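# Structural description and commentary
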Amino acid sequence: MSNQAAWIKEKHGRLVLDEAEIPIPGENEVLVKVDLIAFSPIESKIQTFGTHPIPYPNILGQSFAGTVQSIGPNVTSYKPGDRIASNRGAKAVGDPRFGSYQKYALASVSSSSKIAPDVDLQGAATSIVNLAAVVSALSIYLGLDRPPLSGKPEPKSKKVLIYGGSSSTGGLAVRYAVTAGYTVVTTSSPQNREFVESLNPAYIIDHTAPAETIVEELRSQGPFDSIFDTIGLPPVTNILIKYISSIGGGKYNSLIPPIGGEDPMPDNVERLFAPYSRAFEDEANREIARWLFEEYLPNGLQSGLVVPTRAQVVEGGLDNAQQALDLMTQNAVSGHKLILNPWAGKDVAVYLNSLAPSMTQSGNLIVGRYFPMALRRVMLEVCSCSPVGGAFTAPVVFSSSQEKTPAVMRPAAPSSKSPVDGLSGYLRAFDVGTVVAVGSKTPPGIVGAGGVVVLGQVTQTLVVFESKDGHGHEGQQ
């Protein structure tokens, strides 16, 4: 068993795929096979702006979901095989063993939830870190009541503004406050309005409207007993400054600290920020932490009380973690949370450099699926076909510089990745960059209706390479 991680090796550095040790769990810790990485915008801000001081090299990632592999001393609430979602605690931010951008990571029992077999692991992965911020901000810092785990809440005579109801934190905050009995006003774009409506706020403001229009709508819907800004960017800060100062002043809480570019803060407006999840490590908040991770999240996902943030899947495995950060930096994610399976395959294409001109001209190629094994090693699920639908139906012989003798690759199960539906593939491992010879043992004959001739016993050479676009447009030999 080996481990891989997407490391950030220096401040502002791009992620680098490299080896990592498989950590040994200590007290109150479990080792987890990471099945889903959930990305948080704060991680792209750490990389781009250095907003949070961390030691380097490090492994980013605040949350993940997976399967327990082993447990540390005195751990009684988990066993190998349990499904788990974990929120990286504040004390572990500097410890790469707890970062989610890897295949095996440590999880702290006190900031993790056991996920029932009938609960979608995606919802647990997308929700746990933001839900921790929501519970802390609304119930610890703003003093709102918690929602009951069953039954209807007692209606409250208080109004709460959640700015950013379609964001990954905002949606969870709207649902939390509504199910606790508060009257909730929030914001959304028209694109995500239907989802936000499903959370049952009392009123939704279009946040794509001009700033002056938003301020007027806030005046008409207020005053608010509590305000939580789940966006925190300068344009939103400026809107809230104008609104609060126009009603005589006040204070509000924001999910992130100021990043620069905001209007000057008037004396009568106070913008509050706290490292919300860190509050659970205080002795005074241990009970609400236990409630969150052991009751509210796991039971809420099961009952529907918690509506998880919608997932947007980043394809391609751990080496595409940087792509996820780039999407967040470019503000290309709306109303969803990015997730990635670090074990996922990646498309590759292997072109034939044939000695048989007829095959070269027909454009025959071998299409594969990339399965990460050790570093720079791939498992190819291979099928050889022609554009007219022909295929090698007999075993194909492969030999390469990494094998002393040729090996016959027997047909594997039909592959959905094959260019021809239902076509059998061939499965074998090769190193990236290996020059491989492939030959057919079929007798000379016609393959497919297009008259493509396959010459028996002719050996072709191919080079295994990783295609950047999944279609083999780079690296053709």
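Residues numbered from 1 in each chain as written. Predicted model: local features only at pLDDT ≥ 70, side-chain atom pairs only at ≥ 80, totals over all residues. Heavy atoms only, no water.

### Some details on the overall build of the chain
Stated precisely, the cut-off is as follows: Numbering of helices and strands runs from the N terminus; a helix is a DSSP stretch of H or I covering at least four residues, while a strand is a stretch of E covering at least two. Classification of residues uses two cut-offs on accessible area relative to the type maximum, computed with a 1.4 Å probe and protein chains only: under 20% is buried, over 50% is exposed, and between them is partly exposed. Contact criterion: two residues are considered in contact whenever any of their non-hydrogen atoms come within 4.5 Å of each other.
Helix and strand counts for the chain come out as nine helices and 26 strands. Expressed as a percentage of the 477 residues in the chain, the buried residues total 52%. Long-range pairs, those at least 24 residues apart, make up 67% of the contacts in the chain with a sequence separation of at least 6.

### Let's talk about helix H5 (residues 211–221)
Using the following cut-off: Each direction from the helix axis to a C-beta atom contributes to the arc, which is the arc of those directions.
What H5 keeps buried is the set Ile214, Val215, Leu218 and Gln221. Projected onto a plane normal to the axis of H5, the buried residues spread over an arc of 130° and lie on a single side. Residues Glu212 and Ser220 are exposed on H5 and point more than 90 degrees away from its buried face. Packed against the buried residues of H5 are strand E8 (159–163), strand E9 (183–188), strand E10 (203–206) and helix H6 (234–246).

### Here we look at the packing of H5 against H6
In plain terms, the rule: Where helices are involved, their axes are fitted lines through C-alpha atoms of the stretch in contact, as for all axes, and angles between N-to-C directions lie from 0 to 180°. To sort the angles, those under 35 degrees are grouped as roughly parallel, those over 145 as roughly antiparallel, those from 65 to 115 as roughly perpendicular, and the leftovers as oblique. Two helices crossing with the near one rotated counterclockwise from the far one by less than a right angle form a left-handed crossing, whereas a clockwise rotation gives a right-handed crossing. For this classification, the nonpolar set comprises Ala, Val, Leu, Ile, Met, Phe, Trp, Tyr, Cys and Pro, the charged set comprises Asp, Glu, Lys and Arg, and every other residue, Gly included, is treated as polar.
Interhelical geometry of H5 versus H6 gives an angle of 40° and a closest axis separation of 9 Å. Overall, the two elements H5 and H6 adopt an arrangement that is oblique. When the axes of H5 and H6 are compared, the crossing they make is right-handed. On H6, the residues that touch Ala211, Ile214, Val215, Leu218 and Arg219 of H5 are Ile239, Leu240, Lys242, Tyr243 and Ser246. Taken together, the residues that form the contact of H5 with H6 break down as seven nonpolar, one polar and two charged.

### What about the pairing of E9?
To keep things clear, this is the line we draw: The criterion for strand pairing is that DSSP finds at least two bridges linking the strands in question. Throughout, right-handed denotes a crossover for which the path from the first strand over the helix to the second runs clockwise when the strands point away from the viewer.
Extensive coverage of E9 is indicated by the burial of five of its six residues. By the bridge criterion, four bridges tie E8 to E9 in an arrangement that is parallel. Each bridged residue has a counterpart across the sheet, and for valine 160 the counterpart in E9 is valine 184. The β-α-β motif built from E8, the intervening helix H3 (residues 168–179) and the parallel element E9 has right-handed crossover chirality. Where E9 meets E10, four bridges bridge the pair, whose relative direction is parallel. Its bridge partner lying in E10, valine 185 is registered against tyrosine 203.

### Some details on the environment of aspartate 326
Inspection of the secondary structure assignment puts aspartate 326 in helix H8 (residues 321–329). Taking the C-alpha atoms as reference, aspartate 326 lies 7.3 Å from serine 44; in sequence the two are 282 residues apart.

### Looking at the sheet that holds E8
The strand order E10-E9-E8-E11-E12-E13 describes an open sheet built from six strands, whose pairing is parallel. The sheet terminates laterally at E10 and strand E13 (269–273), the two strands that pair on one side only. Mean inter-strand twist for the sheet, computed between neighbouring axes without regard to direction, equals 25°. Strands E8, E9 and E10 of the sheet are contacted by H5, whose axis makes an angle of about 165° with E10. Running over the sheet, H6 touches E8, strand E11 (226–229), strand E12 (250–254) and E13 and is turned about 165° from E11.

### Points about unusual backbone geometry
The residue after tyrosine 56, namely proline 57, is reached through a cis peptide bond having omega -5°. The topology assignment puts proline 57 in the loop between helix H1 (41–49) and strand E4 (63–71). Residue glycine 222 is joined to proline 223 through a cis peptide bond whose omega torsion reads 0°. Relative to the assigned elements, proline 223 resides in the loop between H5 and E11. Unlike most non-glycine residues, asparagine 28 shows phi in positive territory, near 65°.

### Observations regarding the packing of aromatic side chains
What counts, and what does not: Only Phe, Tyr and Trp rings take part, Trp by its six-membered ring, and two of them pair if their centres are within 6.5 Å. Stacked means planes under 30 degrees apart, edge-to-face means over 60, and tilted covers everything else.
In this structure the tally under the stated criterion is nine aromatic pairs. Centre to centre, the rings of tyrosine 141 and tyrosine 276 are 5.3 Å apart; their planes meet at 90°, and the pair counts as edge-to-face. Taken together, the residues tyrosine 141 in helix H2 (residues 121–141) and tyrosine 276 in the loop between E13 and helix H7 (286–303) connect sequence positions 135 residues apart. Since its relative accessible area comes to 39%, tyrosine 141 is described here as partly exposed. An angle of 70° between the planes, with centres 6.1 Å apart, marks the rings of phenylalanine 280 and phenylalanine 293 as edge-to-face.

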